[in-house]
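# Descriptive structure summary
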Number of protein chains: 2
Amino acid sequence: MTSEFSLIERFFTRPTPSASLGVGDDAALLALSPGMELAISTDMLVAGTHFFPDTDPRKLGWKTLAVNISDLAAMGAQPRWATLALALPQVDETWLAAFSDGFFKCAGNFGIELIGGDTTRGPLNLSVTILGEVPINQALRRDAARPGDDIWVSGTLGAAALGLATLQKRVQLGEVSRSHCLRALETPQPRVALGLALRGIAHVAIDISDGLLADLGHILECSGCGAEVFFNDLPRSDAVDAVLSMELGRRCLLAGGDDYELCFTVPPDRCVEVDALSQQLQLPLTRVGRVVEHRGLKLLDVQGRPIKIEETGFDHFA
Amino acid sequence: MTSEFSLIERFFTRPTPSASLGVGDDAALLALSPGMELAISTDMLVAGTHFFPDTDPRKLGWKTLAVNISDLAAMGAQPRWATLALALPQVDETWLAAFSDGFFKCAGNFGIELIGGDTTRGPLNLSVTILGEVPINQALRRDAARPGDDIWVSGTLGAAALGLATLQKRVQLGEVSRSHCLRALETPQPRVALGLALRGIAHVAIDISDGLLADLGHILECSGCGAEVFFNDLPRSDAVDAVLSMELGRRCLLAGGDDYELCFTVPPDRCVEVDALSQQLQLPLTRVGRVVEHRGLKLLDVQGRPIKIEETGFDHFA
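Residues numbered from 1 in each chain as written. Chains lettered and ligands numbered in written order. Predicted model: local features only at pLDDT ≥ 70, side-chain atom pairs only at ≥ 80, totals over all residues. Heavy atoms only, no water.

## Structural notes on the overall build of chain A
Short version of the rule: Put simply, DSSP marks the helices as runs of H or I at least four residues long and the strands as runs of E at least two long, and each gets a number from the N terminus on. The globule rule is 2.2 Å times the number of residues to the power 0.38, and the radius of gyration it is compared with is taken over C-alpha atoms. Burial status follows relative accessibility: with a 1.4 Å probe on protein chains alone, a residue under 20% of its type maximum counts as buried, one over 50% as exposed, and anything between as partly exposed. Residues count as neighbours in contact if any of their non-hydrogen atoms are within 4.5 Å of one another. Only the protein chains shown count as cover for residues, and the accessible areas themselves come from Shrake-Rupley with a 1.4 Å probe.
Within chain A, the regular secondary structure consists of 10 helices and 12 strands. Against the globule reference of 20 Å for 318 residues, chain A gives a C-alpha radius of gyration of 20 Å, in line with a compact fold. Along the three orthogonal principal directions, the C-alpha set of chain A runs to about 65 × 50 × 35 Å. Put simply, chain A has 318 residues, and 60% of those count as buried. Of all intrachain contacts in chain A linking residues separated by at least 6 positions in sequence, the fraction that spans at least 24 positions is 85%. Surface exposure of chain A reaches about 12400 Å², of which carbon and sulfur atoms provide 50%.

Following this line, the structure appears as structure tokens:
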């Protein structure tokens, strides 16, 4: 018989040298480094809403942590610790072994320690709280974009949403495109190194989890300004480019969630530094538009003519 | 149409003056006070497992936060901030208004600010991460009980479990007992002031969420020692005392979860301080046994004869 405690011990207890106290007490204890403040974010993944119940548990373990890490990347914070609350319909040791394996693989990749959590019986639900450090007053918030800033995006957009569409059989892709898009969907790479490097360069940053238009929209709303975005400049992989004539492809690019790339704004006189970062991190960084004073988000074609925007981002309750 | 963002704004955004940044960015930002470390704990409540789906949402809001606060109380930490991840089957504004009302009532009572979280569609699930401060090296852990320590318990035990039994129609109680037990079950009072006051006095502390025998068992296991507990000294309210001849009553007292009282150990020469605390906090504190070198937990009757223990604590997967 597997008890809650042996389950935690077997699958979710690993050394936590950077915590004063890790898994197993009423609470974990952490000391922050001098001059740092704590960045903290919570994301909940629900079977049927965020992933298919039969998703490969190893990939799900990775993604569960990765999407949380992405939030800290978007703050320019160094992720350090996480807690995991897990509701399970039943104890399936094979599933748990694979899930925890994927989770700790991601944790190891990004130097994160699992310091606590909760396990309980219930419909499959994964709730992670991620904690990290950022020097006081240096975090990349959402409310400091300024008219004149260039808008940049990391990596490419739309592949994760296209991957979802292929799983839902709404589109058929060739083998190479399909596996590229599924990789984007299932094992996103949070842009931690980029977020850290953007401190002191970018005015604002956000991770693109709900789609470019929605997430850029949050920046604009919080900063009280508008933007012009050049449709043709939006970075996309071949797989997304190939379906761009379809309504679905356009939607993946503009409003596809789950890419976890960063969108950030930078004053134009610092674009050289962004280009250098792109080289250094071996990560495409693309200028896709600029922040303007006048509220609202305008999408422009090659000739600078406005394109009607019909896509909105992902909203769980809309 | 209620979007995820307006839902958060309407029901879950209140001022957070003690955070550098609260709800609404990729992450919240917190600065710790000098000399403090962070205590952090996560608890997940699932409909059908931890509460009936038709539970009064105002009381559920209170309890969701209270059970998390209790974990910090058991560390001797000052609770300060919380995040809430919430999966909802649908947007029910009446329910949300009442739930958030109860949640913030508890938060206000204990000086806690809600600094972030997540809302999503899914089977009703409430996951809270609570954060607090404790002076470095002063937290009340589980692993420092010593043979010779007296074992103490706050308040009374068993009423919450008896309240659950009455809701499940496993027992019938008189009106006074019933309302006392339901209050214990639905609006537990985390022992924050006691936890803070026990720093420097108690060797260990734990909150009794899974039942006295199970939670004291955790202390003993972590500390590598045993205990003798005097059955007749266990503090219980009249309601529990009245059903103690029944198997159910005994089980409520020894293994009933959800009381959220503290169990702690104190060297005998400091019992005067514990008595003074009881006066000062207007909270019964009862010596119920002592820590011994020999491993195992012995329950003793009035004559000091061992009572056979059949009850174990609550385990979601046992």
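## Structural notes on the pattern of salt bridges
Note the threshold: Think of a salt bridge as a Lys or Arg side-chain nitrogen and an Asp or Glu carboxyl oxygen that are within 4 Å of each other.
Summed over all chains, the structure comprises 25 salt bridges over all chains. Between R236(A) and D241(A) there is a salt bridge, and its shortest N-O distance comes to 2.9 Å.

## Overview of the relation of the copies chain B and chain A
Note the threshold: The atoms used to superpose the copies are C-alpha atoms, taken from residues with pLDDT of at least 70 in both, and the fit is least squares.
Its rotation angle being 180°, the transformation that places chain B on chain A also includes 0.0 Å of axial translation and leaves an RMSD of 0.0 Å. Interpreted geometrically, this transformation is the action of a two-fold axis. Comparing interface residues between copies, 100% of those in chain B also sit at the interface in chain A, which points to an isologous, same-surface contact.

## Brief notes about the environment of L216(B)
Residues and elements named next belong to chain B. Along the chain, L216 falls in helix α7 (residues 212-223). Relative accessible area serves as the criterion here: at 1%, L216 is assigned to the buried category. Remark: the alpha-carbon pair of L216 and V91, spanning 125 residues in sequence, is separated by 41 Å.

## Structural notes on helix α2 (residues 57-73) of chain B
Filter applied, for reference: Here the expected length of a helix is defined as 1.5 Å per residue gap, with one fewer gap than residues.
Under the 1.5 Å per step criterion, the end-to-end length of α2(B) is 24 Å for 17 residues, consistent within 8% with the ideal 24 Å. The buried count for α2(B) comes to 15 of 17 residues, which makes it a mostly enclosed element.

## Looking at the sheet that holds strand β6 (residues 150-154) of chain A
Residues and elements named next belong to chain A. The line we're drawing: Should DSSP find at least two bridges between two strands, the strands are regarded as paired.
Taking strand neighbours across the sheet as the criterion, the seven strands line up as β7-β9-β6-β10-β8-β11-β12 in an open arrangement whose pairing is mixed. Bordering the open sheet on either side are β7 (204-207) and β12 (306-307), each of which pairs with just one other strand. Where strand β8 (residues 226-230) and strand β10 (residues 285-292) come together, four bridges link them in antiparallel fashion. Looking at β10, one finds that V229 is bridged to G289.

## Some details on the interface of chain B and chain A
Note the following rule: Note on terms: buried area is the combined drop in 1.4 Å-probe accessible area of two parts once they are placed together, counting the loss on both. Any N or O atom pair separated by 3.5 Å or less is treated as a polar contact, with the protein-specific requirement of one donor-capable and one acceptor-capable atom, and with residues adjacent in sequence counted only for side-chain atom pairs. Each residue is assigned to one of three groups, with Ala, Val, Leu, Ile, Met, Phe, Trp, Tyr, Cys and Pro labelled nonpolar, Asp, Glu, Lys and Arg labelled charged, and all others, Gly among them, labelled polar.
At the interface, 64 residues of chain B touch 64 residues of chain A. With both chains or domains summed, chain B and chain A bury close to 5200 Å², and 58% of this area falls on carbon and sulfur atoms. Across the chain B-chain A interface, the total number found is one salt bridge. In this structure, the salt-bridge partner of R142(B) is D26(A), at a minimum N-O distance of 3.0 Å. Linking chain B to chain A there are 16 residue pairs in polar contact (both at pLDDT 80 or more). Looking at the side of chain B that touches chain A, the elements that each hand over two or more residues are α1 (4-12), β1 (28-30), β2 (36-46), α2, β3 (78-88), β4 (113-121), β5 (125-135) and β7 (204-207) of chain B. Looking at the side of chain B that touches chain A, the element that brings in the most residues is β2(B), giving nine residues. Here the residues of the side of chain B that touches chain A are counted per class, giving 33 nonpolar, 18 polar and 13 charged. Sheet topology places strand β2 (residues 36-46) of chain A next to β1(B); three bridges connect them, and they run antiparallel. Counterpart to I40(A) in the pairing with β1(B) is A28(B).

## Some details on the sheet that holds β2(B)
Note the threshold: Every axis in this analysis is a line fitted to C-alpha atoms, fitted for helices over the stretch in contact. Angles between the N-to-C directions lie between 0 and 180 degrees.
With respect to topology, five strands assemble into an open sheet ordered β1(A)-β2(B)-β5(B)-β3(B)-β4(B), the strand pairing being mixed. The sheet is open, and its two edges are formed by β1 (28-30) of chain A together with β4 of chain B, each paired on a single side. Across the sheet, the axes of successive neighbouring strands diverge by a mean angle of 20°, strand direction being ignored. Pairing of β2(B) with β5(B), which is carried by 11 bridges, proceeds in the antiparallel orientation. Residue pairing in the sheet places I40(B) in a bridge with L131(B) of β5(B). In the packing of helix α3 (residues 93-109) of chain B onto the sheet, the strands contacted are β3, β4 and β5 of chain B, and the crossing angle to β3(B) comes to about 165°.

## Describing the pairing of β7(A)
Two faces make up the sheet, and in a regular strand the side chains alternate between them. Residues and elements named next belong to chain A. A two-sided burial pattern is seen for β7, the buried positions comprising V204 and I206 on one face and A205 and D207 on the other. With four bridges joining them, β7 and strand β9 (residues 262-266) adopt antiparallel strand pairing. Bridging from a neighbouring strand, D207 pairs with L262 of β9.

## Notes on the pairing of strand β6 (residues 150-154) of chain B
All names here are of chain B. Counting buried residues in β6 gives five out of five residues, a clear majority hidden from the surface. As defined by bridge partners, β6 adjoins strand β9 (residues 262-266) across four bridges and the pair is classed as antiparallel. From the neighbouring strand, V153 faces β9, where its bridge partner is C263. Sheet analysis places β6 next to strand β10 (residues 285-292), joined by five bridges and oriented antiparallel. Pairing of I151 across the sheet is with G289, part of β10.

## Considering the packing of aromatic side chains
Operational definition: Any two of the Phe, Tyr and Trp rings considered here, Trp counted by its six-membered ring, make a pair once their centres fall within 6.5 Å; the pair's planes then place it as stacked at under 30 degrees, edge-to-face at over 60, or tilted in between.
In total, this model carries 10 aromatic pairs over all chains according to the counting rule given. Judged by centre distance (6.4 Å) and plane angle (65°), the ring pair of W62(B) and F110(B) falls under edge-to-face. Here W62(B) is found in helix α2, whereas its partner F110(B) is found in the loop between α3 and β4, with 48 residues between them in sequence. Across this residue pair, the class does not change: W62(B) and F110(B) are buried. Grouping aromatic residues by their ring pairs yields a cluster made of W95(A), F99(A), F103(A) and F104(A).

## Quick word on unusual backbone geometry
The phi dihedral of N137(A) is positive, around 70°, even though this residue is not glycine. Looking at the secondary structure, you find N137(A) in the loop between β5 (125-135) and β6. The exposure class assigned to N137(A) is exposed, which follows from its relative accessible area of 72%. Located in the positive-phi region is Y260(B), a residue other than glycine, with phi close to 60°. With respect to the element layout, Y260(B) can be found in the loop between α9 (247-255) and β9.

## Topic: the side chain of R142(A)
Looking at the element boundaries, R142(A) is found in the loop between β5 and β6. Taking relative accessible area as the criterion, R142(A) reaches 12% and is therefore assigned buried. Discounting residues that sit within four places of it in the chain, R142(A) has contacts with V204(A), A205(A), I206(A), H218(A), I219(A), C222(A), S223(A), G24(B), D25(B) and D26(B).

## Section: the packing of helix α4 (residues 159-167) of chain B against helix α5 (residues 175-186) of chain B
Residues and elements named next belong to chain B. Quick note on the threshold: Oblique is the label for any angle not covered by the other classes, which are roughly parallel (under 35 degrees), roughly antiparallel (over 145) and roughly perpendicular (65 to 115). We call a crossing left-handed when the near helix sits turned anticlockwise from the far one by less than a right angle, and right-handed when that turn is clockwise.
For the pair α4 and α5, the least separation of the axes is 7 Å and the interaxial angle reads 110°. In terms of axis orientation, α4 runs roughly perpendicular to α5. Relative to α5, the crossing made by α4 is left-handed. Two secondary-structure elements touch here, α4 through A159, A160, L162, G163, L164, T166 and L167 and α5 through R178, H180, C181, L182, A184 and L185. Here the contact of α4 with α5 is built from residues that sort into nine nonpolar, three polar and one charged.

## Considerations on a nonpolar patch on the surface
Our working definition: Candidate patch residues must exceed 30% relative accessible area and have no salt bridge, after which like charges are joined if within 9 Å and Val, Leu, Ile, Met, Phe, Trp or Tyr side chains if within 5 Å.
Together, F52(B), L164(B) and L167(B) make up an exposed nonpolar region whose accessible area comes to about 200 Å². Within the secondary structure, L164(B) is located in helix α4.

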